Amino acid sequence: MTQDVTIAAVRAAAGARATLRFEGTRAGIVLDATGLSGRERDALEAAVRAAAAQGWSGEVRVVVTAERVARRLIAVASGKGGVGKSTLAANLAIALKARGRRVGLVDADIYGPSQPRLMAAEDQRPTAKDKVLDPVPTPYGVPMLSMGQLVEPGRALAWRGPMVAGALTQLVEAEWGATDTLVLDLPPGTGDVQLTMIQKHKPTGAVIVSTPQDLALIDATRAIDLFDKAGIPVIGLVENMAGYVCPHCGEVSDPFGTGGAEATAARLGLPFLGRVPLAIGIRTASDAGQPPAAGNGADGAAFHSIAGQVDDWLSRH
């Protein structure tokens, strides 16, 4: 077989990603896998090997290389649980993707992972190569990793700090391919997971989620203080569950209060990113694995508005 036939076959499979060199009966192929996920990289390598075998009867060596992608981490955090942080993180990731960013989602809430349900990926299990996890795809074009995809459903994780830190590192340092922005859904509070994330992975910025009520805002202020002491910029505050519109009479009520997060942001000199209403449509869509930001309905508008401000912040920093 000729070199020209081999070159044509490999080029058809890999395009400009392949560089070929021939020495006697040996064909050497260097593949540039920059920006590819683990699955895509393996598929490309297999296709190139098969193509080369069609045109070359001698030895074929394939070397895969990749440049390191600069990646920024956005932590979505709260001082306490039950404020809608995970819902905000999922919709923020989808809305940022809609604005052209290559986004991945890490469910860092090790003890209470909910992203597999929110992102309709409960039946997906990540694979690993050389002990590096390969994120799973979702219907919304946002790859993700969650401890909820690595353990049996309903199983409790009774792990101490070092084990949690190790699991978090595996999720963050996975094979994220071309992803340039990772949205991190942190657990509530200011414990081991948050400290590991700050010290080892240094997020670019943090979005703090709170309901308007005073108790939630007290804890949200503690989360802000943690990031401030660690030198992590707080991108801004989001007020969730802000106002309920009765579907029968249209009357607006505020069971959790109103304006508390905006007032706290003003007092601390931080941006206020917006409000997400207490809407049954957001709850039912989230439970069904259909994040509102993925559709064109009114329930997704607040998330896209918040994502627009986060996107602008990223463009300036």
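Please read these numbers as outputs of a predicted model, since none were measured by experiment.

Rules used in this analysis
- Residues numbered from 1 in each chain as written.
- Predicted model: local features only at pLDDT ≥ 70, side-chain atom pairs only at ≥ 80, totals over all residues.
- Heavy atoms only, no water.
- Axes fitted to C-alpha atoms, helices over the stretch in contact; angles between N-to-C directions.
- Helix = DSSP H or I, 4+ residues; strand = E, 2+ residues; numbered from the N terminus.
- Parallel < 35°, antiparallel > 145°, perpendicular 65-115°, else oblique.
- Left-handed = near helix turned anticlockwise from the far one by under 90°.
- Contact = heavy atoms within 4.5 Å.
- Nonpolar A, V, L, I, M, F, W, Y, C, P; charged D, E, K, R; others polar.
- Phe/Tyr/Trp six-rings, centres within 6.5 Å; stacked < 30°, edge-to-face > 60°.
- Buried < 20%, exposed > 50% of the residue type's maximum accessible area, 1.4 Å probe, protein only.
- Salt bridge = Lys/Arg side-chain N within 4 Å of Asp/Glu carboxyl O.
- Core = buried A, V, L, I, M, F, W, Y, C linked by side-chain atoms within 4.5 Å.
- Pairing = 2+ DSSP bridges.

Participant: Please give an account of the packing of helix α3 (residues 85-98) against helix α10 (residues 301-316) that cites residues and values.
Facilitator: At a minimum axis distance of 8 Å, the contact between α3 and α10 shows a crossing angle of 65 degrees. Compared by their axis directions, α3 and α10 come out roughly perpendicular. The two elements α3 and α10 meet at a crossing, and its hand is right-handed. Where α3 abuts α10, its residues Thr 87, Leu 88, Asn 91, Leu 92, Ala 95, Leu 96 and Ala 98 lie against Phe 303, His 304, Ile 306, Ala 307, Val 310 and Asp 311. Here the contact of α3 with α10 is built from residues that sort into nine nonpolar, three polar and one charged.

Participant: Go over the packing of aromatic side chains, please, and point to the residues and values.
Facilitator: Where two aromatic rings form a pair, the distance of their centres and the angle of their planes describe that pair. According to the stated counting rule, one finds one aromatic pair in the structure shown. Where Phe 22 meets Trp 56, the ring centres are 5.0 Å apart and the plane angle is 50 degrees; that geometry is what we call tilted. One end of the pair, Phe 22, is in strand β1 (residues 18-23); the other, Trp 56, is in the loop between α2 (38-55) and β3 (59-65), with 34 residues separating them in the sequence. No difference in accessibility class separates Phe 22 from Trp 56, as the two residues are buried.

Participant: For the pattern of salt bridges, give the residues involved together with the corresponding values.
Facilitator: If you walk through the whole model with that rule in mind, you get 15 salt bridges. Two residues, Asp 287 and Arg 283, come together in a salt bridge whose shortest N-O distance is 3.2 Å. Note that Asp 287 and Arg 283 are positioned in helix α9 (residues 280-287) at a spacing of four residues, about one turn of the helix. Owing to a relative accessible area of 47%, Arg 283 belongs among the partly exposed residues under this scheme. Because the salt bridges share partners, they merge into one network encompassing Arg 41, Asp 42, Lys 129 and Glu 175.

Participant: Please give an account of the nonpolar core that cites residues and values.
Facilitator: Counting 37 residues, the largest nonpolar core has Leu 88, Met 119, Val 183, Val 207 and Val 310 as the members making the most contacts within it. Where this core is concerned, the elements lending two or more residues are β4 (72-77), α3, β5 (103-107), β10 (205-210), β11 (234-240), β14 (272-276) and α10. Contact partners of Val 207, with chain neighbours within four places excluded, come to Ile 74, Ala 75, Val 76, Ala 77, Leu 88, Ile 235, Gly 236, Val 238, Leu 273 and Val 310. Counting residues in hydrophobic clusters, the runner-up holds 34 residues, among them Leu 133, Val 151, Val 164 and Ala 265.

Participant: Give a detailed account of the sheet that holds strand β9 (residues 181-185), specifying residues and quantitative values.
Facilitator: One key point about sheets: their strands pair by backbone hydrogen bonds, in either a parallel or an antiparallel sense. Reading across the sheet, the seven strands line up as β8-β5-β9-β4-β10-β11-β14 and stay open at both edges, with parallel pairing between neighbours. Here the strands that pair on one side only, and so sit at the sheet edges, are β8 (144-146) and β14. Each strand of the sheet is rotated relative to its neighbour by a mean of 20 degrees, with strand direction disregarded. Relative to β14, β11 is paired through four bridges, and the arrangement is parallel. The residue bridging Glu 239 from the neighbouring strand is Arg 275, located in β14. Of the strands in this sheet, β4, β9, β10, β11 and β14 are in contact with α10, which crosses β14 at around 165 degrees.

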